[in-house]
Protein chains: 2
Amino acid sequence: MRLEILPVLGIGDVTEGDDLAALIATAAPWLRDGDVLVVTSKIVSKAEGRLVDVPADGPERLAARDEVLAGETVRVVASRGATRIVQTHHGFVMASAGIDASNVDKTRLVLLPKDPDASARTLRAALRERYDLDVAVIISDTMGRPWRNGLTDVALGVAGMPAIRDHRGEFDPYGNELQLTQMAVVDELAGAGELIKGKCDQVPVAVVRGYLGVARADDGEGARALVRDAALDLFSLGTAEATAAGLRAAATLTDGPGSAPAEPAAVERAIAAVAEVVAPETVFTHVTDDEVRAGMVAGIPGWPEQATGLVLGAPPTPVDQADLVRFGADLQRLRTALAAEGIPSALLPPPAGSTASAALAI
Amino acid sequence: MRLEILPVLGIGDVTEGDDLAALIATAAPWLRDGDVLVVTSKIVSKAEGRLVDVPADGPERLAARDEVLAGETVRVVASRGATRIVQTHHGFVMASAGIDASNVDKTRLVLLPKDPDASARTLRAALRERYDLDVAVIISDTMGRPWRNGLTDVALGVAGMPAIRDHRGEFDPYGNELQLTQMAVVDELAGAGELIKGKCDQVPVAVVRGYLGVARADDGEGARALVRDAALDLFSLGTAEATAAGLRAAATLTDGPGSAPAEPAAVERAIAAVAEVVAPETVFTHVTDDEVRAGMVAGIPGWPEQATGLVLGAPPTPVDQADLVRFGADLQRLRTALAAEGIPSALLPPPAGSTASAALAI
């Protein structure tokens, strides 16, 4: 195998209603079956009329831009300053929902194509039907990513080849079965195309020639296969946003006691975590479920069946009203520290006859 | 410009101490000045002896692997089940620190090269000095990424070209200055190389021919330029880890009152956030700094100079000891909700003569 990456020159300015298949086939009469066309999403958006009029400058422009962004956003993933990383209605996570103000009049913004997989299928079908060309089509755009500086081009849409090349089940020469090796080849192809396209729209289409696995009869499942479900993603929220979510969760902690016994070391870690910030004489004591049931602590009102242990808390003595309020705050800190260890808890009145002022069922 | 991507065939098995420059130059006598060599990191690791002996299976293998991983890890970024996303000593964020068990005996693990930029420089220098070839060298590896399924190859090390192509300051045909457009071209080149290399080590080197900007006199700053400082990264921690960090922060909240006036709407949001979980008759009242200073609330012991407002809290009446403990817990919930809104607070005794049982300076 050997690949060539070729620029399609002379496409010129694309405007709403333009026939992309005709523009590309005319500019590149040398296209062949099996070629992969990497098409910059911007010319697809322009041809499809995905443009919005906005003021050229001033606060009105910013307000209009915010409104356009809100319309493209399903959820905000992270923000800092003016930066907004959002998930789009397509499922892509990208800065500003991919809305772009470059390579367009100052009074317009370019949105991503509404359905880039459909755009890829439409272009592929037009090239097949009208120009007898069996190619794969990738609609590409530029994205940033966590952890690494610099942007790369990736695929928003694809037709005519699988988005992913799955090596699972293959064996290496040492007899090890390959695992976890699903390559996002359409992203690599999109990036390869970018290497000759540049950023100023003179070359909005690149052709990758020689890549195997193209020219399938069907369109394939599209770039949609690249969108990871947020529930499966370890980075579904920005760090600051997730930290704030943790604070909010702490504020509204409602968990009852858990059904599995809490690991004693984890309980001790939670007690240690708050030791520096609670009142100096506040003492928390961990009593295991076995000890409770063995009668070491009797007569706890409201002791729930499913509780698997107890933390007793005693405030400084003698206590006044302010001490009890402070002690309550300390107990809530401990509940939060337990939650950070994955241990739910419930506030109980103190056991009868004990010197404790309150108890947590865990 | 037109690019070719060519496989280097016939390199065969690489073992410790092998001379990579000789292996590559012999297998690819057709190399030319200006070519970009994309070299799979694994053969660099093997040649450099970055291998560790481990048991072939069983819990001993898992334990040994964990130990090796700990040695390569600077910090754990995210984990779920057996998955560990870590930052390596190079600064890269990747699963299992890039440690790999494929394409190697079952009793060995392959670590990443110790300094992939140095590896790239060494290989480049050897090809220049001994084979009179002026090429760029990219050391590549396979990485996953948030939000998108599938893996891509990216650059761990580079010599002979810049890691990033910076378009900032250029103008598009519409006169818009390009912003934020720094392309990680070495990652795109690494991905392009992967398209013909495959996963089974038969083709550990690809050559990209025709890419401009190669054959510089100097090595350049290396792939180190791609490592984003965690402090600048919006995704420096996994969502679950950051949420737990928020819970821990809530448990140990020590902030005093802030110096800037709290936005009243944010205070009201915090009060509303805990309304469902505090005791039904607990009432929180926001009093602004102006109102405090106007004498609406007098005689607050410990009122700090820098406080810019007050939240008064009254528990249900009549109160007993358990009510006060519960009320203290509710106050701590409110402090946490305020913190989630970015509003620091401090617990104070109630103002003299008020019916409040406690106050928060904000």
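Residues numbered from 1 in each chain as written. Chains lettered and ligands numbered in written order. Predicted model: local features only at pLDDT ≥ 70, side-chain atom pairs only at ≥ 80, totals over all residues. Heavy atoms only, no water.

In the nomenclature of an unreviewed UniProt entry, chain A is known as Coenzyme F420-0:L-glutamate ligase of Micromonospora globispora.

Caption draft 1: How the structure looks around the overall build of chain A. When helices and strands are counted, chain A shows nine helices and 16 strands. Its C-alpha atoms give chain A a radius of gyration of 30 Å, clearly above 21 Å, the size a compact globule of 362 residues would have. Across its three principal directions, the C-alpha atoms of chain A cover 95 × 65 × 30 Å. Put simply, 68% of the contacts in chain A that link residues at least 6 apart link residues at least 24 apart. With an accessible surface of roughly 14700 Å², chain A has 53% of that area assigned to carbon and sulfur atoms. Computed over 33 positive and 50 negative side-chain charges, the inter-centroid distance for chain A is 5 Å. (Helix = DSSP H or I, 4+ residues; strand = E, 2+ residues; numbered from the N terminus. Rg over C-alpha atoms; globule rule 2.2 N^0.38 Å. Contact = heavy atoms within 4.5 Å. Areas by Shrake-Rupley, 256 points an atom, 1.4 Å probe, with all protein chains shown as cover. Lys, Arg positive; Asp, Glu negative; His and termini not counted. Charge placed at Lys NZ, Arg CZ, Asp CG, Glu CD.)

Caption draft 2: Layout of the relation of the copies chain A and chain B. Rotating chain A by 180° about the axis while translating it 0.0 Å along that axis superimposes it on chain B, leaving an RMSD of 0.1 Å. The superposition operator between the copies reduces to a two-fold rotation axis. (Least-squares fit on C-alpha atoms with pLDDT ≥ 70 in both.)

Caption draft 3: Spatial organisation of empty space enclosed by the protein. Under the definition given, this model contains five cavities of 30 Å³ or more. Empty space within the largest cavity amounts to approximately 410 Å³. Along the walls of the largest cavity sit 30 residues, with Arg145 and Thr152 of chain A together with Arg145, Thr152 and Val154 of chain B positioned nearest its centre. Residues belonging to the lining of the largest cavity are distributed by class as follows: 13 nonpolar, seven polar and ten charged. (1 Å grid on protein atoms, 1.4 Å probe; cavity = no way out; pocket = protein on both sides within 12 Å on 5 of 7 lines; lining within 4 Å. Points joined across faces, edges and corners; volume = space filled by probe spheres on them. Nonpolar A, V, L, I, M, F, W, Y, C, P; charged D, E, K, R; others polar.)

Caption draft 4: Region of interest: the sheet that holds strand S6 (residues 93-95) of chain A. Residue and element names in this part refer to chain A. Read across the sheet, three strands follow the order S4-S5-S6 without closing on themselves; strand pairing throughout is antiparallel. Each edge of the sheet is formed by a strand with only one pairing partner; in this case those strands are strand S4 (73-80) and S6. For this sheet, the mean inter-axis angle between neighbouring strands, taken without regard to orientation, is 30°. Strand direction decides the pairing type here: S4 and strand S5 (residues 83-88), joined by six bridges, are antiparallel. Note on S5: the bridge partner recorded for Ser79 is Arg84. (Pairing = 2+ DSSP bridges. Axes fitted to C-alpha atoms, helices over the stretch in contact; angles between N-to-C directions.)

Caption draft 5: Here's a closer look at the interface of chain A and chain B. Of the residues lining the interface, 109 residues belong to chain A; the matching set on chain B comes to 109 residues. Interface area, chain A with chain B, both sides summed: about 9400 Å², of which 61% is carbon and sulfur. The interface formed by chain A and chain B contains six salt bridges. In this structure, the salt-bridge partner of Arg148 of chain A is Asp187 of chain B, at a minimum N-O distance of 2.7 Å. Counting the contacts that link chain A with chain B gives 49 residue pairs in polar contact (both at pLDDT 80 or more). Its residues placed into classes, the side of chain A that touches chain B shows 61 nonpolar, 26 polar and 22 charged. (Buried area = accessible area lost by both parts, 1.4 Å probe. Salt bridge = Lys/Arg side-chain N within 4 Å of Asp/Glu carboxyl O. Polar contact = N/O pair within 3.5 Å; in protein donor to acceptor, adjacent residues only side chain to side chain.)

Caption draft 6: Region of interest: the side chain of Arg148 of chain B. Structurally, Arg148 of chain B is set in the loop between strand S8 (136-143) and strand S9 (152-159). Among the polar contacts listed, one links the side chain of Arg148 of chain B to the backbone oxygen of Ala155 of chain A, at a separation of 2.7 Å. Side chain to side chain, Arg148 of chain B and Asp187 of chain A meet in a polar contact 2.7 Å long. Those residues within four positions of Arg148 of chain B in sequence are excluded, and the remaining contacts are Phe92, Met143, Val154, Ala155, Asp187, Leu226 and Arg228 of chain A.

Caption draft 7: Inspection of the packing of aromatic side chains at higher detail. Residues and elements named next belong to chain A. In the structure shown here, the tally under the stated rule is two aromatic pairs over all chains. For the ring pair Trp147 and Phe235, a centre distance of 4.9 Å and an interplane angle of 75° mean the geometry is edge-to-face. On the criterion of sequence distance, the pair formed by Trp147 in the loop between strand S8 (136-143) and strand S9 (152-159) and Phe235 in the loop between strand S12 (205-209) and helix H6 (239-251) is long-range, its members being 88 residues apart. Per residue, the accessibility class of Trp147 equals that of Phe235, and both read buried. (Phe/Tyr/Trp six-rings, centres within 6.5 Å; stacked < 30°, edge-to-face > 60°. Buried < 20%, exposed > 50% of the residue type's maximum accessible area, 1.4 Å probe, protein only.)

Caption draft 8: Layout of the nonpolar core. By size, the foremost hydrophobic cluster in this structure holds 50 residues, and its most contacted members are Met161 of chain A together with Met161 of chain B. Ranked by size, the runner-up nonpolar core spans 44 residues in total, among them Ala266 and Ala337 of chain A together with Ala266 and Leu331 of chain B. (Core = buried A, V, L, I, M, F, W, Y, C linked by side-chain atoms within 4.5 Å.)

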